[in-house]
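Overview (structure and organization)
Residues per chain are reported as follows:
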Amino acid sequence: MKEGNVIISSESVILRDAKESDLDNYVKWMNEGEWKEFDAPWEKRITDLPEEEIKVRFIELYLSEREEPRRRVIIADKNDVPIGWMNRYNKDKYENTWLVGIDICEDGYLGKGYGTECLRLWMDYLFNNSNKENIGLKTYSFNDRMMRVAEKLGLEQRGIEPDIIEWKGERLDRLFYSMDRVRWNSQKH
Ligand SMILES: CC(C)(COP(=O)(O)OP(=O)(O)OC[C@H]1O[C@@H](n2cnc3c(N)ncnc32)[C@H](O)[C@@H]1OP(=O)(O)O)[C@@H](O)C(=O)NCCC(=O)NCCS
């Protein structure tokens, strides 16, 4: 299987298939990084697994499947340094919608515009390679950067589940943002 195939890119960022050489970065990300504090840190997930199982999960998730459109990609900077990942998923109740997720896992790359650029590219890719009418994302009310990125790209806040969890003494809302295909194509981004 061809590795590292570029899915979509711009001047500053590359969204591509994973390579075996990304494995060490992935294991590192599971163990450290600010991202872990912001992506639903109360949920049980791969970061909690022993290293050998993390490696198996990486192979399963990133090297074994190449669906169209892709379920997940590695984010790399313009020099092909891996810095995080993006994914898309689809719960049954949103049959006409892709839900998307993003984590920039290298702390030095946070807050420098990469998230905005990646989400813009990923939305273009998903709309252009499927017939889904909406793209949505979920985040929590403590995640100012994620909310700002969604708003900068014109996603609308369509739902709020108030007071859904308490984390570090703060009551958090879960927010749902969404964009439809017609509006995405008509807005300049
Ligand atoms: C959320 C995330 C993808 C955003 O990507 P990013 O590259 O950091 O964001 P950008 O630099 O593109 O944009 C951040 C925006 O938030 C603003 N911002 C940063 N910190 C902020 C704060 N504390 N309050 C309000 N706005 C803030 C920035 O000013 C910028 O807006 P601007 O361009 O209008 O100035 C990234 O921060 C990340 O991966 N975080 C950790 C994991 C995570 O939260 N994943 C999402 C889970 S839902």
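Anyway, here's the lowdown on the structure attached to this text. Predicted model only: the values in this text are computed from it and were never measured.

Description of the packing of helix α1 (residues 23–31) against helix α3 (residues 51–63)
- With their axes 10 Å apart at the nearest point, α1 and α3 run at an angle of 125° to one another. In this view, α1 runs oblique relative to α3, as classed from their interaxial angle. As for the relative orientation of α1 and α3, their crossing is right-handed in sense. Each of Leu23, Tyr26, Val27 and Met30 in α1 lies in contact with α3, whose residues at this interface are Glu51, Ile54, Lys55, Phe58, Leu61 and Tyr62.

Brief notes about the nonpolar core
- The biggest cluster of nonpolar side chains holds 34 residues, and the ones touching the most others in it are Leu15, Ile75, Met86, Leu119, Trp122, Met123 and Leu155.
- Tallying contributions element by element places helix α4 (residues 114–128) first for this core, with nine residues.
- Excluding residues within four positions of it along the chain, Trp122 makes contact with Leu15, Arg70, Arg71, Arg72, Val73, Met86, Asn87, Arg88 and Val100.
- By size, the runner-up hydrophobic cluster in this structure holds 16 residues, among which are Val27, Phe58, Leu63 and Cys105.

As for the pairing of strand β3 (residues 72–77)
- Counting buried positions over the six residues of β3 gives six, a clear majority of the element.
- What you see with β3 is no split at all: Arg72, Ile74 and Ala76 on one side and Val73, Ile75 and Asp77 on the other are buried throughout.
- Alignment of strand β2 (residues 13–16) against β3, held across four bridges, turns out to be antiparallel. Bridge pairing in β3 places Arg16 opposite Ile74.
- Between β3 and strand β4 (residues 82–89), which follow one another and run antiparallel, lie four residues, and Asp80 among them has a positive phi close to 70°.

What counts, and where the lines are drawn
Residues numbered from 1 in each chain as written. Predicted model: local features only at pLDDT ≥ 70, side-chain atom pairs only at ≥ 80, totals over all residues. Heavy atoms only, no water. Axes fitted to C-alpha atoms, helices over the stretch in contact; angles between N-to-C directions. Helix = DSSP H or I, 4+ residues; strand = E, 2+ residues; numbered from the N terminus. Parallel < 35°, antiparallel > 145°, perpendicular 65-115°, else oblique. Left-handed = near helix turned anticlockwise from the far one by under 90°. Contact = heavy atoms within 4.5 Å. Core = buried A, V, L, I, M, F, W, Y, C linked by side-chain atoms within 4.5 Å. Buried < 20%, exposed > 50% of the residue type's maximum accessible area, 1.4 Å probe, protein only. Pairing = 2+ DSSP bridges.

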